[in-house]
Every structure is written in structure tokens, then in C-alpha cells.
Amino acid sequence: MLVKVFGSAVFGVEATTITVEVNTEKGIGYHLVGLPDSAIKESSFRIAAALKNNSYHFPGKKIIVNMAPADLRKEGSAYDLTIAVGILAASSQITSKEIENYIIMGELSLDGTLQPIKGALSIAIKAKEEGFKGVIIPIQNVKEAAIVEDLDVYGVSNVTEVIDFFEGKGNLEPTRIDTTEEFSKTLNFPEHDFADVKGQEGIKRCMEIAAAGGHNIILIGPPGSGKTMLAKRLPSILPPMTMREALETTKIHSVAGKTKDVGLMAQRPFRSPHHTASSVSLVGGGSYPHVKNISH
């Protein structure tokens, strides 16, 4: 029996929809094709244990899993849930026809619980663009993905919740977030406030001028003089981000895995790279010939 389930791969800050085709037939063996990396190849062991520990079974048949498009390199363990749902549907343990309407992503633990993934916001944006009804992701990522309007975002904590959802047994409800409220909630309450700095009047005046005029600034001084403390608080006197800037910033942090249990980022971020970091490492490094240069 052939079943198609949809997942998503994140390259840079953009997502690409991946079609996971699962076919079961007479015979023995598990064959995974479509340029998967080692983490995906090992998924069969996690899936088999997770299903067994939740009263389901890994079918003793010949299973072929194809991840299309087959010429794109697939990385990470976030396809565990996608492949698991495909195997359950192909072996008739799930009979719902709604599976093809959702993007399904999540890393499985051996007991069936789900671990957070990276790039949930990019995945949700792509799902909406391509007309999917919704996305099913780990509950730790649901706040960032729910920023996308007109898309049903379901946060799940266990593989059984996904199975019950497609079987119509559970009471899983989509997460709704008021983007405007989320954006304004922390807008005026920065984590590090420039007003907390006592003294240092000269450098404070310089930083205010730099912030007002959009100038660069270099801080030079001995360790402990307050350079990092002042730099960390500079974003609190910069103009507030626009909604577009907030979405773009959240997307970048989502891909980096820095937004677990956090919704829209309304504060300008502060990064503190080591002084020995190369220019290549600062813009991300790596080599993906099919990904456009996203450094600014």
C-alpha cells in the first residue's frame, strides 16, 4: 500500500516541502532512499521502539520510504514523526484521508514523546504558501509556528496524540495567537534596560548618539569596565522593530533553535561572538549550492 505524507526541509531560513512516500508490500526489509543523512537512517529504530511502547507495531513487511525530491540532501531527526505516520498509514493502522492535508514534523523519543525541532516558523510559512490545512509539530515549537495566520497549528507531545487526531478520537485543538498582542507584550519591557546603567555618562552619551544617528561604535577598555554590559543594553534604546522585522528575526532564531516556548520576538537581538570568530563563521558558514546567499 502506498501512502504520501508531507514534511519540510529548512535550507538557510526558507523551507522546502518534502514528500515522504511509504510503500509496504510482501517481503522483508526496510529501505530508506532520497539522500537521507545518518540521523534519518537511524530513525527506524526510534520509530519501532516508540510504536511498540505505545501499543502499535512496526510492520514485518518490506517497507520502502522515499523522500522526494530525491536530489536534495535531507538532514536531522525531525522526520521521525513524518515517517512514523506514513508507516502507520501504509500498514492500515491509521485509515484517515486527512493525512495529506498536513505538514507533520517531530523527533521521536523511544517512549513516543516528541522532541522540539528547528525552523518551525519557516515550515509553517511554507505550509500556508502551499495551501496546506495545517501543521503538526512538537508542542515546544507551537508558539512560534502559530504566529502564521489562517493556518491550523497543532502542538503534540506524544505520537499517540497524532494517531488519535487522525482517527478522530482525540480533542486536539489548534493553537491561536494574537500576533499584535504578542508583538506589543514585550515591546516596552526589554530584558536588559539601558536605564539600569549607573554612571558611565560619557559612554552613555556616545551610545545614545550612535543609536539616534545609526552610527557604528567601538568600545575599548580593560576587562570588567562595562563594555559588554553597555552593548547588551543598546537594543533597548533603538527604535522598536516593525512587525516585518520581528517576523524575520523570529524566523532566523527559529532556524537556529533559539525560540522554544517563545512566540514572536519583539526585542532587537544582541549577539556576542568570540573575538576570534572568522567572517565566514559570522554569516553562517557551510556550503549549499542550491541556497541563495542570505547574509546582509
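In this text the structure is predicted, and so the values were computed from the model without any measurement. (Residues numbered from 1 in each chain as written. Predicted model: local features only at pLDDT ≥ 70, side-chain atom pairs only at ≥ 80, totals over all residues. Heavy atoms only, no water.)

Draft legend 1. Structural view of the overall build of the protein. Scanning the protein from N- to C-terminus turns up 11 helices and nine strands. In the protein, which comprises 296 residues, the share counted as buried stands at 42%. Long-range pairs, those at least 24 residues apart, make up 70% of the contacts in the protein between residues at least 6 apart in sequence. For the protein, the exposed surface amounts to about 15900 Å²; the carbon and sulfur share of it is 53%. Each charge class in the protein can be summarised by its mean position, and for the 31 positive and 33 negative side chains these summaries are 4 Å apart. (Helix = DSSP H or I, 4+ residues; strand = E, 2+ residues; numbered from the N terminus. Buried < 20%, exposed > 50% of the residue type's maximum accessible area, 1.4 Å probe, protein only. Contact = heavy atoms within 4.5 Å. Areas by Shrake-Rupley, 256 points an atom, 1.4 Å probe, with all protein chains shown as cover. Lys, Arg positive; Asp, Glu negative; His and termini not counted. Charge placed at Lys NZ, Arg CZ, Asp CG, Glu CD.)

Draft legend 2. Just the side chain of Ser43, in detail. Mapping Ser43 onto the fold places it in helix 2 (residues 43-52). Excluding residues that lie within four positions of it along the chain, Ser43 makes contacts with Tyr30, Asp80 and Ile83.

Draft legend 3. Focus on the packing of helix 4 (residues 120-129) against helix 10 (residues 243-255). It is the contact of helix 4 with helix 10, at a shortest axis distance of 7 Å, that shows an interaxial angle of 120°. One way to sum up the angle between helix 4 and helix 10 is to call them oblique. Contact residues: Ala120, Leu121, Ser122 and Ile125 in helix 4; Leu247, Thr250, Lys251, Ser254 and Val255 in helix 10. Residues that form the contact of helix 4 with helix 10 fall into these classes: five nonpolar, three polar and one charged. (Axes fitted to C-alpha atoms, helices over the stretch in contact; angles between N-to-C directions. Parallel < 35°, antiparallel > 145°, perpendicular 65-115°, else oblique. Nonpolar A, V, L, I, M, F, W, Y, C, P; charged D, E, K, R; others polar.)

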